[in-house]
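Next come the chains, spelled out residue by residue.
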Amino acid sequence: MIYLVIIILGLVIDRLTKIYAVNNLMGKNIDGKVFNLTYLENRGAAFGILQDKRLIFIILTTAIVIYLLYYFIKNIKTSPMILNLSLAMIISGAIGNFYDRLIQGYVVDFLEFSFVQFPVFNVADILVTAGCALMIIYILLHGDK
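Source: prediction; values computed, not measured. Numbers given to residues run from 1 along each chain, matching the order in which its sequence is written. Whole-chain, interface and lining totals are the exception, using all residues; otherwise, since this is a predicted model, local features are given only for residues with pLDDT of at least 70 and side-chain atom pairs are given and counted only at 80 or more. The basis for every side-chain value is the complete set of heavy atoms in the structure, and neither hydrogens nor water enter the calculation.

S.K.: Which parts of the structure should I look at to understand the overall build of the protein?
M.R.: On a plain count of helices and strands, the protein comes out with four helices and two strands. The order of helices and strands in the protein, counted from the N terminus, is α-β-α-α-β-α. When the backbone C-alpha atoms are referred to their principal axes, the protein occupies close to 50 × 35 × 25 Å. Relative accessibility thresholds used throughout: buried, under 20% of the residue-type maximum; exposed, over 50%; partly exposed, between the two (1.4 Å probe, protein chains only). When each of the 145 residues of the protein is scored for burial, the buried share is 37%. In the structure as shown, the protein presents an accessible area of about 8,900 Å², 71% of it carried by carbon and sulfur atoms. Only four residue types enter the charge count, namely Lys and Arg as positive and Asp and Glu as negative; His and the chain termini do not. Note that the charge is assigned to NZ on lysines, CZ on arginines, CG on aspartates and CD on glutamates. The positive charge centre, built from 11 side chains, and the negative charge centre, built from 9, are 7 Å apart in the protein. The secondary structure listing takes helices from DSSP runs of H or I that are at least 4 residues long and strands from runs of E that are at least 2 residues long, numbered from the N terminus. Here, Shrake-Rupley sampling with a 1.4 Å probe gives the accessible areas, and only protein chains in the shown set may cover a residue.

Have a look at this one:
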């Protein structure tokens with residue numbers, strides 16, 4: 001099942017890159033032409049909002065991931081590939097950041113665009129964002145069904 005591979009591969013890449021960031025970027029930044037590698041402990045949500053509201057994130061993420069997994073498993077055979085792919089990516093990214101919040105109390109962020117002001121992010125954030133973008137495309141193309 002390709003979607004399970006996507007979920008697991010996303011989790012593995014997210015964990016490995018965060019481990020790299022913890023072991024190599026604490027206290028030093030690596031500046032590049034497109035990305036800077038900048039270690040950050042994010043105790044909030046996207047863009048740093050709701051700092052130190054860990055319990056809220058754990059409860060919300062648990063509820064959302066359980067629902068997404070239920071919907072995904074129930075509809076995997078009848079849903080279009082783009083929807084299944086988007087759900088797999090969102091689930092993988094959500095679990096990746098959930099793991100950080102649950103185990104460490106914060107999410108490790110380390111990717112920063114060097115050419116524009118944008119919050120520091122991680123692989124799990126990329127998965128959630130790309131999955132949401134695919135879901136928006138799905139809704140725009142198939143929203144009337």
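S.K.: Would you take a moment to explain the UniProt feature "transmembrane region" (unreviewed entry) in the protein for this structure?
M.R.: Those residues carrying the UniProt feature "transmembrane region" (unreviewed entry) are residues 55–73, 80–99 and 119–141 in this numbering. Spanning residues 55–73, this segment combines 100% helix with 0% strand, and its end C-alpha atoms are found 27 Å apart. Here residues 119–141 runs as 83% helix and 0% strand, with 30 Å between its end C-alpha atoms. UniProt positions are given in the numbering used here, feature names are shortened, and annotations may be inferred rather than shown by experiment.

S.K.: Honestly, the packing of aromatic side chains in this entry has me stumped. Any pointers?
M.R.: Each aromatic ring pair is characterised by the separation of its centres together with the angle its planes make. Planes of paired rings set the category: under 30 degrees apart is stacked, over 60 is edge-to-face and the rest tilted, where pairs are Phe, Tyr or Trp rings (Trp by its six-membered ring) whose centres lie within 6.5 Å. Here the structure, examined in full by the defined rule, presents eight aromatic pairs. Taking 5.2 Å as the distance between ring centres and 25° as the angle between the ring planes, the aromatic pair formed by Phe35 and Phe113 counts as stacked. Here Phe113 lies in strand S2 (residues 107–113) and Phe35 lies in strand S1 (residues 35–42), a separation of 78 residues in the sequence. With a relative accessible area of 37%, Phe35 lands in the partly exposed category.

S.K.: Honestly, helix H4 (residues 123–142) in this entry has me stumped. Any pointers?
M.R.: Residues three or four positions apart in an α-helix share a direction because the helix packs 3.6 residues into each turn. For a helix, the expected span equals 1.5 Å multiplied by the residue count minus one. The end-to-end C-alpha separation of H4 is 28 Å, in line with the 28 Å expected for 20 residues at 1.5 Å each. Residues of H4 that are buried include every one of Val123, Ala124, Leu127, Gly131 and Tyr138, and no others. Buried residues of H4, seen end-on, are gathered within an arc of 100° and therefore sit on one face of the element. Those residues of H4 that are exposed and aimed more than 90 degrees away from the buried face are Thr129, Ile136 and Leu140. Those residues of H4 that are buried lie in contact with helix H1 (2–24), helix H3 (81–104) and S2. The N-capping residue of H4, defined by a side-chain oxygen 2.9 Å from the backbone nitrogen of Ala124, is Asn122. By definition, the arc is the one covered by directions from the helix axis to the C-beta atoms. Here, two residues are considered to be in contact whenever any of their heavy atoms come within 4.5 Å of each other. Pairs of N or O atoms are called polar contacts if they sit within 3.5 Å, as long as, within protein, a hydrogen donor faces a hydrogen acceptor (for residues adjacent in sequence, only side-chain-to-side-chain pairs).

S.K.: Is there a simple way to explain the pattern of salt bridges in this structure?
M.R.: Side-chain pairs of opposite charge can arise whenever the charged atoms involved come near each other. Each reported salt bridge corresponds to a side-chain nitrogen of Lys or Arg within 4 Å of a carboxyl oxygen of Asp or Glu. A full pass over the atoms with the stated rule returns four salt bridges. Residues Asp100 and Lys18 are paired through a salt bridge, measuring 3.0 Å at the closest nitrogen-oxygen approach. Of the two residues, Asp100 sits in helix H3 while Lys18 sits in helix H1, which places them 82 residues apart along the sequence. Pair check on accessibility: Asp100 and Lys18 agree, each one buried. Measuring nitrogen to oxygen at the nearest pair gives 3.0 Å for the salt bridge that ties Glu41 to Arg43. A relative accessible area of 30% means that Glu41 is categorised as partly exposed. On the basis of relative accessibility, which here comes to 32%, the residue Arg43 falls in the partly exposed class.

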